[in-house]
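Chains, contacts and geometry: an overview
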Amino acid sequence: MTPSDVKATLSFSDGSPSMELPIYKGSVGPDVIDIRKLYGQTGKFTYDPGFLSTASCNSTITYIDGDKGELLYRGYPIEQLAQNCDFMEVCYLLLKGELPNPQEKKDFDRLVTMHTMVNEQMQFFLRGFRRDAHPMAVMTGLVGALSAFYHDSTDVHNPEHRAIAAIRLIAKMPTLVAMSYKYGIGQPYIYPKNSLSYTANFMRMMFATPCEDYEPNEVLVRAMDRIFILHADHEQNASTSTVRLCGSSGTNPFAAIAAGVACLWGPAHGGANEACLNMLGDIQRQGGVEKIGEFIKQVKDKNSSVKLMGFGHRVYKNYDPRAKLMRETCHEVLGALGLENDPLFKLAMALEKIALEDEYFVARKLYPNVDFYSGIVQRAIGIPVPLFTAIFALARTVGWIAQLDEMIGDPEYKIGRPRQLFVGSTPRQVKPLAQRG
Ligand code: CMC
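Okay, the environment of Gly310 next. As for its placement among the helices and strands, Gly310 is situated in the loop between helix 13 (292–300) and helix 14 (321–336). Contacts of Gly310, omitting those with residues within four sequence positions, involve Cys276, Tyr367, Pro368, Asn369, Asp371 and Phe372.

As structure tokens, then:
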């Protein structure tokens, strides 16, 4: 970390001695004030629930400028990566810091391909779930269960274990997502096919049956690959912070990633794509475009808990760059499938237009996020709505692993242990049961 010449001084109104705090400069973005010695010197903690002003780590992986609407993976703008690279190149970049050359890409593709099968015993584990279980419930279980199948890659402090666990997780996530889908609909699992690309193989495992040949549609494969790229990492969001915190105890990589899957499930995070499509479906059922005004009124009513799903972001106070790319993909996919007049897409565009012009959204800088359009694309591809978040988890796995690896490799890393402001009861005496009124 680069120290700044500027120092911060913390002073107290009760005459306690003031304290000088070092500042570190980022390569881009806000500087940070180092408060690590604060408690030791003053006996006080800082208070920042929700991490509104707290950097939990230093990182070289992903940078977001929320005001500009900019997203960089290892310095490369997301737009350039989405247009020039496939998901495997982006995985390589996130894990290793540089884009691969042609030979490196070939070797990496091959390495991942050779790990796409899962231990056959996994299907018996999967069989224990109800057929109507939510795919994210199944995925949380399946990813955690990988640690029971791959004992030779569970030591998070061993770089070789971490490297092989990384490849296994990236390679097996599509197989597990497709298996959980096939299980839910009662179809046989489709084994991976090594001659296909990562994404075409996923589409085949999802949509093929043993009864006939399956030819992946190039436009849809490209769209799915773009969904993977756009969701691959997003700096210290809730699920990534969960993975880091979980991994900081020294637990194995599969367990840490399972914790990330569980966190991602929530509707304020990865579950928003499912919630967004359900919201569009509800408005459509109630009358469609005509009902947008009424819906927006509910969203703005402080006494209702209704939110415009797919809008707003903790960091972006501008159009989410991923949403722009997803919107473009949405047009391409609907065009290729002859679905330009899809009522939900039309509804989404009308809703977006009205919200972007509404004073409530303008004043709060609420713009569409990636989930606003990704649900429509996935639905057009044929992905059932409850599977959306599992696909997000598949794509985010590489980001979680890269962040976990970065943390473990940081010589300053410690187990994560936030402190608290205690506002509960002061010490009191336990009365015997008979004396409690
Ligand atoms: N609809 C209506 N009002 C909203 C929305 C929304 N989607 N998002 C924020 N607001 C309002 C909020 O009520 C608050 O108003 P006020 O200042 O009057 O109290 C103000 O905007 C600031 O919101 P906040 O809740 O303090 O913002 P936050 O940073 O804590 O929350 C968020 C960010 C993403 C959780 C929130 O915007 C939200 O719930 N959005 C809908 C869910 C969603 O689309 N999530 C996907 C995020 S992108 C994918 C991912 O990274 O997982």
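Moving on, there is more to tell.
This next bit is on helix 8 (residues 198–207). With respect to burial, helix 8 is a largely interior element, nine of its 10 residues being buried. Taken residue by residue, helix 8 has Tyr198, Thr199, Ala200, Asn201, Phe202, Met203, Arg204, Met205 and Met206 as its buried positions. On its buried face, helix 8 sits against helix 3 (87–96), helix 4 (102–113), helix 7 (159–185), helix 9 (218–230), helix 17 (370–381) and helix 18 (388–409).

Moving on to the packing of aromatic side chains. Tallied over the entire structure, the rule returns 13 aromatic pairs. Ring centres of Tyr92 and Phe108 lie 5.4 Å apart, and the angle between their planes is 90 degrees; this geometry places the pair in the edge-to-face category. Residue Tyr92 is found in helix 3, and its partner Phe108 is found in helix 4; the two are separated by 16 residues along the sequence. The pair formed by Tyr92 and Phe108 is uniform in burial state, with each residue classed as buried. Among the aromatic side chains, those forming a connected cluster through ring pairs are Phe311, Phe345, Tyr360, Phe361, Phe372 and Tyr373. Above the plane of the ring of Phe12 lies Lys44, whose end atom (NZ or CZ) is 5.1 Å from the centre. Of note, Arg364 hangs over the ring of Tyr360, and the distance from its end group to the ring centre comes to 3.9 Å.

Here the focus is the state of the cysteines. Under the criterion given, the structure shown has zero disulfides. No disulfide involves Cys85; its nearest neighbouring cysteine sulfur is the one of Cys91, lying 11 Å away.

Reading across from one edge, 4-5-6 is the order of the three strands in this open sheet, with antiparallel pairing throughout. Edge positions in the open sheet fall to strand 4 (62–65) and strand 6 (76–77), since each of these has one partner strand only.

A positive phi is found at Phe51, a non-glycine position, where the angle reads about 55 degrees. Residue classification places Phe51 among the exposed positions, given a relative accessible area of 52%. For Glu235, which is not glycine, the phi torsion reads 40 degrees and is therefore positive. Structurally, the position occupied by Glu235 is in the loop between helix 9 and helix 10 (238–247).

Below, the discussion takes up the site of the ligand. Not every one of the 21 residues close to the ligand is listed here, only the nearest: His269, Lys302, Leu308, Gly310 and Arg314. Contacts to the ligand include Lys307, whose side-chain N or O atom sits 3.2 Å from an oxygen atom. Residue Asn369 places a side-chain N or O atom 2.9 Å away from an oxygen atom belonging to the ligand. Across the complex, the protein chains shield 75% of the 940 Å² of accessible surface that the ligand would expose by itself. The class makeup of the residues in the shell around the ligand is 10 nonpolar, six polar and five charged.

The next subject is the sheet that holds strand 2 (residues 19–25). In spatial order, the strands read 1-2-3; together these three strands make up an open sheet with antiparallel pairing. Edge positions in the sheet fall to strand 1 (2–10) and strand 3 (32–33), since each has one partner strand and no second. Note: strand 2 against strand 3, two bridges, orientation antiparallel. Each residue of the ladder has a partner; that of Ile23, found in strand 3, is Ile33.

Moving on: the packing of helix 9 against helix 17. Running from amino to carboxyl end, helix 9 crosses helix 17 at an angle of 145 degrees, the nearest separation of the two axes being 11 Å. Judged by the sense of rotation from one axis to the other, the crossing of helix 9 with helix 17 is left-handed. Touching Leu220, Ala223, Met224 and Ile227 of helix 9 are Val377, Gln378 and Ile381, all from helix 17. In terms of residue class, the contact of helix 9 with helix 17 is built from six nonpolar, one polar and no charged.

Right, let's get into the pattern of salt bridges. Across all of its chains, the model carries 19 salt bridges by this definition. For Glu294, the salt bridge goes to Lys291, with nearest N and O atoms at 3.5 Å. Ionic pairing is found between Lys353 and Glu357, a salt bridge with its closest N-O pair at 3.4 Å. On the criterion of helical spacing, the pair formed by Lys353 and Glu357 is a turn pair, its members being four residues apart in helix 15 (residues 343–357).

What follows is about the nonpolar core. Leu308 and Leu351 are the most contacted members of the largest nonpolar core, which has 118 residues in total. Top contributing element to this core by residue count: helix 18, with 14 residues. Listed in part, the five residues of the second largest apolar core include Ala8, Met19, Ile23 and Leu38.

Attention now moves to a nonpolar patch on the surface. A contiguous nonpolar patch, built from Tyr47, Leu421 and Val423 and spanning about 400 Å² of accessible area, is present on the exposed surface. Relative to the elements of secondary structure, Leu421 occurs in the segment after helix 18. Overall, Leu421 belongs to the exposed group, its relative accessible area being 57%.

Conventions we followed
Here the residue numbers are simple positions, counted from 1 along each chain's written sequence. Given that the model is predicted, a residue must reach a pLDDT of at least 70 before its local features are reported, and side-chain atom pairs must reach 80 or more before they are shown or counted; all residues, however, enter totals for whole chains, interfaces and linings. Values reported for side chains reflect all heavy atoms of the structure, with hydrogen atoms and water molecules removed beforehand. A run of H or I in DSSP becomes a helix once it reaches four residues, and a run of E becomes a strand once it reaches two; helices and strands are each numbered from the N terminus. In this analysis, two residues are considered to be in contact whenever any of their non-hydrogen atoms come within 4.5 Å of each other. Accessible area is worked out with a 1.4 Å probe on protein chains only. A residue is then buried under 20% of its type maximum, exposed over 50%, and partly exposed in between. Aromatic contacts are taken between Phe, Tyr and Trp rings whose centres are within 6.5 Å, Trp giving its six-membered ring; a plane angle under 30 degrees counts as stacked, one over 60 as edge-to-face, and the others as tilted. By definition, being over a ring means that NZ of Lys or CZ of Arg is both within 6 Å of the ring centre and within 35 degrees of the ring normal. Note on terminology: pairs of cysteine sulfur atoms within 2.5 Å are recorded as disulfides. Note: two strands are recorded as paired if DSSP finds a minimum of 2 bridges between them. For this purpose, a residue is taken to be near a molecule or strand whenever a single non-hydrogen atom of the residue falls within 4 Å of it. For this analysis, a polar contact is any N or O atom pair within 3.5 Å, provided that within protein one partner can donate a hydrogen and the other can accept it, and provided that sequence-adjacent residues contribute only side-chain to side-chain pairs. Shrake-Rupley sampling with a 1.4 Å probe provides the accessible areas, and residues are treated as covered by the protein chains on show and by no other component. Gly falls in the polar group here, along with every residue not listed as nonpolar (Ala, Val, Leu, Ile, Met, Phe, Trp, Tyr, Cys, Pro) or charged (Asp, Glu, Lys, Arg). Every axis in this analysis is a line fitted to C-alpha atoms, fitted for helices over the stretch in contact. Angles between the N-to-C directions lie between 0 and 180 degrees. The crossing is said to be left-handed when, going from far helix to near helix, the turn is anticlockwise and less than a right angle, and right-handed when the turn is clockwise. Salt bridges are defined as contacts in which a side-chain nitrogen from Lys or Arg sits within 4 Å of a carboxyl oxygen from Asp or Glu. We define the nonpolar core as a collection of buried residues of types Ala, Val, Leu, Ile, Met, Phe, Trp, Tyr and Cys that are connected through side-chain atoms lying within 4.5 Å of one another. Patch construction takes residues with relative accessible area above 30% that form no salt bridge. Like charges are linked within 9 Å, and nonpolar side chains (Val, Leu, Ile, Met, Phe, Trp, Tyr) are linked within 5 Å.

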